[in-house]
Every structure is written in structure tokens, then in C-alpha cells.
Amino acid sequence: MVSNVGVIGAGQMGAGIAQVCAAIGKKVILCDIKQEFVDKGIQTITRNLERSVSKERIDETDMKNTLGNVNTTLELSDLSNCDIIIEAIVENMDIKKKLFSDLGHICNDNTILASNTSSIPIGILAKASGRSEKVVGMHFMNPVPVMKLVEVIRAKSTSDLTFDTTFNLAKDLSKVPVLVNDFPGFVSNRILLPMLNEAMFCVMEGVAEPKAIDTVMKLGMSHPMGPLTLADFIGLDTCLAIMEVLHRDFNDDKYRPCPLLKEMVEQGKLGKKSGEGFYKY
Ligand code: CAA
Ligand code: NAD
């Protein structure tokens, strides 16, 4: 039974994960590396809840209770007694490995270490933690409060108890968990990201303007967002990191990141979060 949840990374995913856990009464500790990032995460949660109140989905008391269930910290050690920690930091293998290694030292023996990584094989993080039976993938979709899917990624070393607890937590959150085996990009991003990358090649080669490409996929294929709007929404840095994992780990050039994507990330054009990507915000 999960009562205390640690969430590491208070960006768009971490804030959403903290919100949905707090909304069902879990005690959440949200951790980031700087106070301004933690504050931004709390602002995101507050804004989402205010919107729900204005739409009469929840009332003021629900909002107060949810916010009251979220504490914040800059100290990893404050998470040591959590039942589960859900990691949602930057999509960088070395930084995540270091974090899992630290968590392996800090946490009590029963703490489950879950990663919201978009692409990095869970087995690698499991090994880094030194307690591989406790490590699992818990891959939420963006925006977390809205999207129903959670991929629950079972590494070879993941124990039944770790897997079942994580799967049941996703159900308690009113999500639909799906068991996925441990491959780079899992199911979601192995299929989604090559499509987004191809849309970027279409821009680079002058096949059509971004808006036209998005319109083709929205009206032609009934996608809720066009691929370039979605890439901006995910974050172009995250898109590039995912393509790099797929390219490297499958060693197949069909996953080569589009040069335009690399160029935009180098220029700091990260999509919605930086104010500019394929569109301006
Ligand atoms: N955070 C929280 N809630 C949000 C939100 C956000 N960023 N954006 C929209 N919502 C909520 C709205 O408040 C609204 O809620 P109510 O039903 O309570 O009114 C609901 O979502 C619908 O919003 P809108 O009517 O404003 O807009 P919409 O109908 O266009 O839906 C959307 C917005 C749900 C985001 C829709 O455009 C969509 O499904 N887009 C595709 C999202 C997607 O593909 N996500 C997966 C990305 S890949 C991933 O996550 C994995 C990875 O590792 C990269
Ligand atoms: P983001 O850039 O919005 O937020 C990342 C946060 O992690 C930042 O606040 C940053 O300060 C913090 N952080 C970085 N290093 C840290 C550390 N060592 N300790 C604590 N905090 C640290 O990123 P995001 O979009 O929220 O993505 C987070 C994770 O979720 C990534 O692994 C990403 O691949 C995955 N993910 C993203 C999406 C998406 O659509 N953006 C969807 C599913 C999964």
C-alpha cells in the first residue's frame, strides 16, 4: 500500500505526477534542484486546480486538500522513507544513473524507485541503483492530469511486488496501466517519436510549412495535435534525447535525429517551455 510518494523533478511531468497523487490523498514530497523550479511546479499544480474549480470539476476544499498534500524540498534525503519515488528529471542517462545510485544509498530498503523516463532502458537505472528488484518504469503521458495511459515497464530484475505495487498505484490514480517490456523507447515513444522526427524532416526539406504539416495530420488522421505542435509541447530537448537513445541503442539509422531538431535545441529553441520551437508562444 502506497501512502507516501516522492516525486523528483518539478517540471511539466513531475508537477503533473505530484498533482494526481496528491488528489487521491497520497502525501507527496516534490523535490528539485532549485527553489525556483519547485515554486514553478507548485504554480503549475495551483493553476491546473484553479481551472478544475472554475469548471466545477472539483470544489475549493478539494483544491485546498490536494495542495495541502504536497510538500516540497531541495534535499533528496527528505525522500528516504517514501513508499515509492517517481523520478521525472531531465532525459539524460548519466544524470539519471547518478540519481538512482544516490537513491539506492539514501532510501530505506522497501522504497520502490520508479522512473518516468521516456526512453532509457529501466535495466540501466536498476543496475545503477544497486537494488534492481525495486526499480520499475512508470511512464505517464503529458499532460498527466488528462492522459489515461501509464506504461509500466518491467525490467528483467523488477520483482513481482515492485511491479504489482506500481501497476496498482496507476489504477488508484484512475489511469490505465499497460505492461510493457524493457526496450528503448518502450512502445509509446518507439512509435511516436519517429513520426515527429519525420515531420521535422518534412519542414527541413521544404515539403510544407509547419502549420500545413500539422493540419494534414490533424484533419487527415484525426490526431488531436499536429506532430510539430506535439513536439513543441513535449519539449524539443526531450524529443532529441529520445531519438538519440533509440538511434544509439538500436544502432539503426532509421532513428537518426533530424538535423533541424539538433540545430533548434542548440539554439535554445525547446518548444513551448522556452517560448519558441516550431511555433512562437
Ligand atoms: N495540463 C492539465 N490539463 C490540461 C492541459 C495541461 N497542459 N491542457 C489541457 N488540459 C485539460 C483542459 O483543462 C481540459 O480539461 P476539462 O476536460 O476538465 O475541461 C482538457 O484537458 C481538454 O483541453 P482543451 O479542451 O483545452 O483542449 P483539447 O481538447 O485540445 O485537449 C489535449 C488538449 C488533451 C492536450 C489534446 O490536445 C491532446 O490529447 N493532445 C495530444 C497529447 C499527447 O499526445 N500526449 C502524449 C505526448 S507523448 C508523451 O507524453 C510521452 C513522452 O514520453 C514524450
Ligand atoms: P522538464 O524540463 O519540464 O523538467 C525537468 C525538471 O527536472 C526540471 O525542473 C529540472 O530542474 C529537474 N531536474 C533536473 N535534474 C535534476 C536532479 N538531478 N534532481 C532533481 N531535479 C532535477 O522535463 P519534463 O518534460 O517534465 O520531463 C521529465 C522526464 O519525464 C524526462 O525523463 C522526460 O523524458 C519524461 N517525460 C516527458 C514527457 C513530456 O511530454 N515532456 C512525457 C513523458 C515522460
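Structural data are supplied above this passage.
Residues numbered from 1 in each chain as written. Chains lettered and ligands numbered in written order. Predicted model: local features only at pLDDT ≥ 70, side-chain atom pairs only at ≥ 80, totals over all residues. Heavy atoms only, no water.

Participant: Looking at this model, I keep getting lost on the side chain of T66. Mind explaining?
Facilitator: Within the secondary structure, T66 sits in helix α3 (residues 60-68). For T66, a relative accessible area of 5% translates into the label buried. Those residues within four positions of T66 in sequence are excluded, and the remaining contacts are Q19, A22, A23 and L49. (Helix = DSSP H or I, 4+ residues; strand = E, 2+ residues; numbered from the N terminus. Buried < 20%, exposed > 50% of the residue type's maximum accessible area, 1.4 Å probe, protein only. Contact = heavy atoms within 4.5 Å.)

Participant: Help me understand the sheet that holds strand β4 (residues 84-87), please; the structure alone is not making it clear to me.
Facilitator: Working definition: the strands of a sheet are paired by backbone hydrogen bonds and lie parallel or antiparallel to each other. In space, the eight strands of this open sheet follow the order β3-β2-β1-β4-β5-β6-β7-β8, with mixed pairing throughout. Every other strand in the sheet has two partners, leaving β3 (70-73) and β8 (176-181) as the edge strands with one partner each. With strand direction ignored, the average angle separating the axes of adjacent strands in the sheet is 25°. Both β4 and strand β5 (residues 112-115) contribute to a ladder of four bridges, which runs parallel. Opposite I86, over in β5, you have A114 as the bridge partner. (Pairing = 2+ DSSP bridges. Axes fitted to C-alpha atoms, helices over the stretch in contact; angles between N-to-C directions.)

Participant: Just checking my understanding: could you explain the site of ligand 2 for this structure?
Facilitator: As a structural note, the neighbourhood of ligand 2 is formed by 23 residues, with M13, D32, E91, K96 and S118 the closest of them. Measuring from an oxygen atom of ligand 2, one finds a backbone N or O atom of M13 at 2.9 Å. When the free accessible area of ligand 2 is taken as 840 Å², the share hidden by the protein chains comes to 86%. Elements with a contribution of two residues or more to the shell around ligand 2: α1 (12-23) and β6 (135-140). Residue contributions to the shell around ligand 2 reach at least three from each of two domains, namely domain 1 (4-181) and domain 2 (193-273). (Near = heavy atom within 4 Å. Polar contact = N/O pair within 3.5 Å; in protein donor to acceptor, adjacent residues only side chain to side chain. Areas by Shrake-Rupley, 256 points an atom, 1.4 Å probe, with all protein chains shown as cover. Domains from an automatic or database assignment.)

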